[in-house]
Amino acid sequence: MNEQLEQTAPIPQVQGEHAPILVCEHLSKFYPQCLALNDLSLSLQPGRIVGLLGPNGSGKTTLIKLINGLLTPTSGQITISGMKPGPQTKAIVSYLPDRNSLPEWMTTEELLHFFADFYADFDIGKAREMLQHLHITEKMRLKTMSKGTKEKVQLILTMSRAAKLYLLDEPIGGVDPAARDYILETIISNYSKDACVIISTHLIADIEKILDEVLFLNSGVLVMQSSVDDIREKEGKSVDALFREVFRC
Amino acid sequence: MLRKLLKYELKATSRTFLPMYGLLFLFSIAMLIMFKNPSGTFGTTPMAIIGFLIGIGYTVLVTAIFVMTIVISIQRFNRNLLGHEGYLSLTLPTTIAQHIWAKLLVSCLWVILSCVALVISVMIMAANDNMMRVLSSIFSSMGKATQMYGGSVWAMGFSILAVIVTALLQCILGVYMAIAVGSLCPKHRVLTGIGAYTLGGIVQGTVGYFFFRGFDRATSADGILAGWFQTLSASDNISQVEFDIRQMHMFSISLGSIAIFFLVFCAIFFVITHQILKNHLNLQ
Amino acid sequence: MVWKFTEDRPIYTQLVEQLQLRIAMGQYPPGGKFPSVRELASEAAVNPNTMQRALTQLESSGLLYSERTAGRFVTKEADRIMQMKKEMAQHLMTEFLRGMKELGFTKEQTIRLLQQMEEESI
C-alpha cells in the first residue's frame, strides 16, 4: 500500500501560472575584500514559503539587503514584481531584520500608527489582535520591553502587512520554543497565494515542515533550489540532514 | 511621504526640545522676578543664593539648548539612518532624498527655534515698560526706511536672511556628509567623519578665496565688471537717497552671491550624502 | 491526536497517512465536513501547499470529495472507508509479521501467542 502512496501526487497547479515575485538575473555583488554573491539567478513564484539556507558568509544577508534596496548590485539585475528596488518595491516588501530596528522611544500604539501611515497594506486591526493575544499593551514604550517582547512586536508589525514579498531574516533564532511555535503558526496562518515568504535561517529542522522549497547558498553561489518533498524523496533524508552533510565543517 | 517623514522627525525631536524651551522660559521668568528690583533683592542671604542658582540654571540651560541642537542633529541622522533604525527607515517606501530633506529641514527648524527661544527669553528677562516703546520705535523706523528707500531695504534684509539660511543649511549638510563619509570606514567612523568635515571646510575656504579674489579683480579698475561697478558706486549727479539705494543694492548682491556660493556647496554635500546612502550603504 | 513526522520521507505522504488514520478512527466521520486546508496546515504546523497536495491525493483516491461552495467532505461510502481501513490493517499486519519473523517466530507460533494474549486480557 505504501507504494501507492509514494507515487508522486500532482502538485497543485495554481502557483505556476502567476508572474514571479522575485527575479534575480546574474546578480553579483563584489566588495573590496570578497565576492559576496556570484552570478546568482533565480525566480520565485507567489504562494510559496521559501527557505534561504546557507552557512555564515554564504551571501544570504547580502541577497536580502539587495532585495530590500539597502545595497545596490555590482552587476546583474534584480526585480520585485517586475520593478527595480526602490520606494515602490519597498511598499510591497515586508522586511523583518535579524535585529531590533524599531525606535526605542515609541510606544506600541505610536508604532502601529507609524506603520499604518507609511504602509498602505498595513492591517492595524490584525496587528492589534495579535498584540492583545500576546498580552502586549499598546501604551508600553519599547524601551521598557524585554528583548523577546520587542522581537514579537517587530514580527507582528511585519506580518500584519499584506505585502507581496516577506523577508524574514532569522525569525526564530534565539527565541524560546513557545514563541517559536507562535511565529511559525503566524507565518502559516498568514499564508496567501499572492505572496511569497522568504525565511533566511540556519535552524532548518524547526522550519522545514512549513517550507515549500529551499535555496541553498554557499560562498555566494546558488548551489541548489528544490522543493522540500523532492529532496526527501530523492535523498531519503530531511533538508536539515542534507544541509549538515553538504556543509560539513 | 516627505510630509510623513517630517511629522515623525518632529515627533522624535520635539520630546527633547519643547521641555527645554519650557524650562528656559520658566527660568527667564524666575530671573525676571529675581532681578526686577533695581536695587537688588539680595538683602536676605537665602534670596541671594536662590538668585545665584537661578542664574547658573539659566546659563546651563542656554548652553544645553545650544549643545543639544547640534547633538540631536547629528544623532538623528546617525542613529535613524545609519544605526539599527536604518533597517526600518531605509526600507520605508520613500526615497533617500526625502530622508535627507526631512532631517535637514527639521534640524534647521530647531536651530531657528532655539535662537527664537533665546531671544524671547532675553526679552522676558528684560521686560519692562520701556520695551514696548523700544519695539514700536523699531517697527516705525522700519516703516520710515521703506518709505524712503523702497524695496532696496527689504532686498538687503532678504539677502541677509538668505545668507544666514544657506549658511545654516550648508553647515548641517556638511555634517551629514561627514557622517555619511565616516560610515564608509566602520573601524574609524569618527576620525573619518571629522576628516571629511575638515576637508569640506578646506575645499570651501579655498574655493571661496578664489571666488572672491576673482570678484574683487573683476570689479577693480580694469576688470570685466568694472564698468557696471563704477556706475553703481559713482556718486555724482545723483541724490543722496539714490546713492544710498545703489549702495544697498550692492550690499544685497554681494550677500546674494555669498548665499549662492553656500547653495552650491549645499548641493555638493547633498549629492555626496545621497550617493553614499544609496549606493554604499553599510548598515551594521 | 498528535501529528508525527519522520525526517526521511516526504511530508505530504506522511500527511496522507495521518489524515487517513484520523478518518479511520472516526475523528472525521463519513459524510462529515472536513476542515479547510488552512486550519489543517495550522494544526499540523506544515506548509499549506503541502497540505493541499495531501488533500488532493485523498480526493483523487476517493476518500474525500469537495463541493464547490460548501467545502470538503469525507466520503459517505462506508465501504470505501472500510477498504482503506483494510489496507491500513494489511500494512500493520505485514509489519507485525515481519517483526515477529525477525524475532524468529513462525506464523503458527505468532497466531498462538496472539490467542494467548487475548485470553489473558479477558
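Keep in mind that this is a model prediction, so the values were computed, not measured.

### Here we look at the overall build of chain A
Phase 1 of the analysis: Each helix and strand counted, chain A has ten helices and nine strands in total.
Phase 2 of the analysis: Relative to the 2.2 N^0.38 estimate, which gives 18 Å for 249 residues, the radius of gyration of chain A is 19 Å and therefore close to what a compact globule would have.
Phase 3 of the analysis: Classification of the 249 residues of chain A by burial places 45% in the buried group.
Phase 4 of the analysis: In chain A, 73% of the contacts between residues at least 6 apart in sequence involve partners at least 24 apart.

### Focus on the sheet that holds strand 9 (residues 221-227) of chain A
Residues and elements named next belong to chain A.
Phase 1 of the analysis: Strand order in the open sheet formed by six strands is 5-6-7-3-8-9, and the pairing between neighbours is mixed. Because the sheet does not close on itself, it has two edges, and the strands there are strand 5 (93-96) and strand 9. Shown here is a sheet whose adjacent strand axes are inclined to one another by a mean of 15 degrees, direction ignored.
Phase 2 of the analysis: Taken together, the six bridges between strand 8 (residues 213-218) and strand 9 define a ladder with antiparallel strand orientation. Within the sheet, the bridge partner assigned to L215 lies in strand 9 and is Q225.
Phase 3 of the analysis: Across the sheet, helix 9 (residues 228-235) touches strand 8 and strand 9, and the angle it forms with strand 9 is around 90 degrees.

### Looking at the interface of chain B and chain A
Phase 1 of the analysis: Taken together, the contact between chain B and chain A spans 17 residues of the former and 18 residues of the latter.
Phase 2 of the analysis: Elements that contribute at least two residues to the side of chain B that touches chain A include exactly helix 1 (2-35) and helix 3 (86-89) of chain B.
Phase 3 of the analysis: Element by element, the count of residues in the side of chain B that touches chain A is highest for helix 1 of chain B, at four residues.
Phase 4 of the analysis: Residue classes in the side of chain B that touches chain A are distributed as nine nonpolar, five polar and three charged.

### Overview of the interface of chain A and chain C
Phase 1 of the analysis: On the side of chain C, 26 residues touch chain A, which itself brings 26 residues to the contact.
Phase 2 of the analysis: Put simply, the parts of the chain that give the side of chain A that touches chain C at least two residues each are helix 1 (2-6), helix 7 (177-189) and helix 9 of chain A.
Phase 3 of the analysis: Residues that form the side of chain A that touches chain C fall into these classes: 14 nonpolar, four polar and eight charged.

### Things to note about helix 9 (residues 240-279) of chain B
Phase 1 of the analysis: For helix 9 of chain B, spanning 40 residues, the distance from its first C-alpha to its last is 58 Å, which sits close to the expected 58 Å at 1.5 Å a residue.
Phase 2 of the analysis: All of the buried residues along helix 9 of chain B are M248, S252, A259, F262, F265, C266, F269, T273, I276 and L277 of chain B.

### What about the packing of helix 1 (residues 11-24) of chain C against helix 3 (residues 48-60) of chain C?
Residues and elements named next belong to chain C.
Phase 1 of the analysis: Between helix 1 and helix 3, the least distance of the axes is 8 Å, while the angle of their chain directions is 55 degrees. Between helix 1 and helix 3, the interaxial angle falls into the category oblique. The two elements helix 1 and helix 3 cross, and the hand of that crossing is right-handed. The segment helix 1 lies against helix 3, with I11, Y12, L15, V16 and L19 engaging T50, M51, R53, A54, Q57 and L58.

### Topic: the arrangement of the chains
Phase 1 of the analysis: There are two pairs of chains in contact here; the most contacts are made by chains A and C.
Phase 2 of the analysis: A minimum C-alpha distance of 28 Å separates chain B and chain C, which share no contact.

### Thoughts on the environment of S81 of chain A
Phase 1 of the analysis: Tracing the backbone through its elements, the reader meets S81 of chain A in the loop between strand 4 (75-80) and helix 3 (87-90).
Phase 2 of the analysis: A C-alpha to C-alpha distance of 10.0 Å links S81 of chain A and Q45 of chain A, two positions 36 residues apart in sequence.

### Some points on the nonpolar core
Phase 1 of the analysis: Of all hydrophobic cores here, the largest spans 125 residues; its most connected members are V50, L165, L167 and V197 of chain A together with Y176 of chain B.
Phase 2 of the analysis: For this core, the leading source of residues is helix 6 (residues 151-183) of chain B, giving eleven residues.
Phase 3 of the analysis: Each of domain 1 (1-127) and domain 2 (128-284) of chain B contributes no fewer than three residues to this core.
Phase 4 of the analysis: Aside from chain neighbours lying at most four places away, what touches L167 of chain A is I64, I67, N68, V93, Y95, L96 and I198 of chain A.
Phase 5 of the analysis: The next biggest cluster of nonpolar side chains, apart from the first, holds eight residues, and it includes Y21, M34, L61 and I65 of chain B.

### A look at the sheet that holds strand 1 (residues 22-30) of chain A
All names here are of chain A.
Phase 1 of the analysis: Taken in spatial order, the three strands make up an open sheet running 2-1-4, and their pairing is antiparallel. Two strands in the sheet have a free side with no partner beyond their single neighbour: strand 2 (35-44) and strand 4. Strand after strand, the sheet turns through a mean of 20 degrees between neighbouring axes, direction not considered.
Phase 2 of the analysis: Contacting strand 1, strand 2 and strand 4, helix 2 (residues 60-68) runs over the sheet at an angle of about 120 degrees to strand 1.

### Describing the pairing of strand 1 (residues 64-67) of chain C
Phase 1 of the analysis: As paired elements, strand 1 of chain C and strand 2 (residues 71-74) of chain C share four bridges and run antiparallel to each other. Note that in strand 2 of chain C the partner of L64 of chain C across the bridge is V74 of chain C.

### As for the environment of F77 of chain B
Residue and element names in this part refer to chain B.
Phase 1 of the analysis: Note that F77 resides in helix 2 (residues 45-82).
Phase 2 of the analysis: Between the alpha carbons of F77 and Y176 there is a distance of 7.0 Å; along the sequence they are 99 residues apart.
Phase 3 of the analysis: Not counting residues up to four positions away in its chain, the partners in contact with F77 are K103, Y176 and I179.

### Observations regarding the pairing of strand 7 (residues 196-200) of chain A
Successive side chains on a regular strand alternate, one facing one side of the sheet and the next facing the other.
Residue and element names in this part refer to chain A.
Phase 1 of the analysis: Across the five residues that make up strand 7, a large majority, five, are buried.
Phase 2 of the analysis: Taking every second residue as pointing to the same face, both faces of strand 7 are buried, with C196, I198 and S200 on one and V197 and I199 on the other.
Phase 3 of the analysis: Here four bridges tie strand 3 (residues 49-53) to strand 7, and the two strands are oriented parallel to one another. Looking at strand 7, one finds that G51 is bridged to I199.
Phase 4 of the analysis: Here strand 6 (residues 165-169) pairs with strand 7 via five bridges, running parallel. Paired with L167 across the two strands is I198, which belongs to strand 7.
Phase 5 of the analysis: In terms of handedness, the path from strand 6 via helix 7 over to strand 7 forms a crossover that is right-handed.

### Considering the confidence of the model for chain B
Low-confidence regions, as indicated by low pLDDT, have predicted coordinates that should not be scrutinised in detail.
Residue and element names in this part refer to chain B.
Phase 1 of the analysis: Mean pLDDT over chain B stands at 85; residues scoring 70 or higher make up 89%.
Phase 2 of the analysis: Per-element confidence in chain B is highest for helix 3, whose mean pLDDT is 96, and lowest for helix 8 (residues 226-233), whose mean pLDDT is 65.
Phase 3 of the analysis: Scoring of the predicted complex yields 0.86 for pTM and 0.88 for ipTM.

Conventions and cut-offs
Residues numbered from 1 in each chain as written. Chains lettered and ligands numbered in written order. Predicted model: local features only at pLDDT ≥ 70, side-chain atom pairs only at ≥ 80, totals over all residues. Helix = DSSP H or I, 4+ residues; strand = E, 2+ residues; numbered from the N terminus. Rg over C-alpha atoms; globule rule 2.2 N^0.38 Å. Buried ≥ 20, exposed ≤ 12 C-beta atoms within 10 Å, placed from the backbone. Contact = placed C-beta atoms within 7 Å. Pairing = 2+ DSSP bridges. Axes fitted to C-alpha atoms, helices over the stretch in contact; angles between N-to-C directions. Nonpolar A, V, L, I, M, F, W, Y, C, P; charged D, E, K, R; others polar. Expected span 1.5 Å × (residues − 1). Parallel < 35°, antiparallel > 145°, perpendicular 65-115°, else oblique. Left-handed = near helix turned anticlockwise from the far one by under 90°. Core = buried A, V, L, I, M, F, W, Y, C linked by C-beta atoms within 7 Å. Domains from an automatic or database assignment. Right-handed = clockwise from strand over helix to strand, strands pointing away. pLDDT = per-residue confidence, 0-100.

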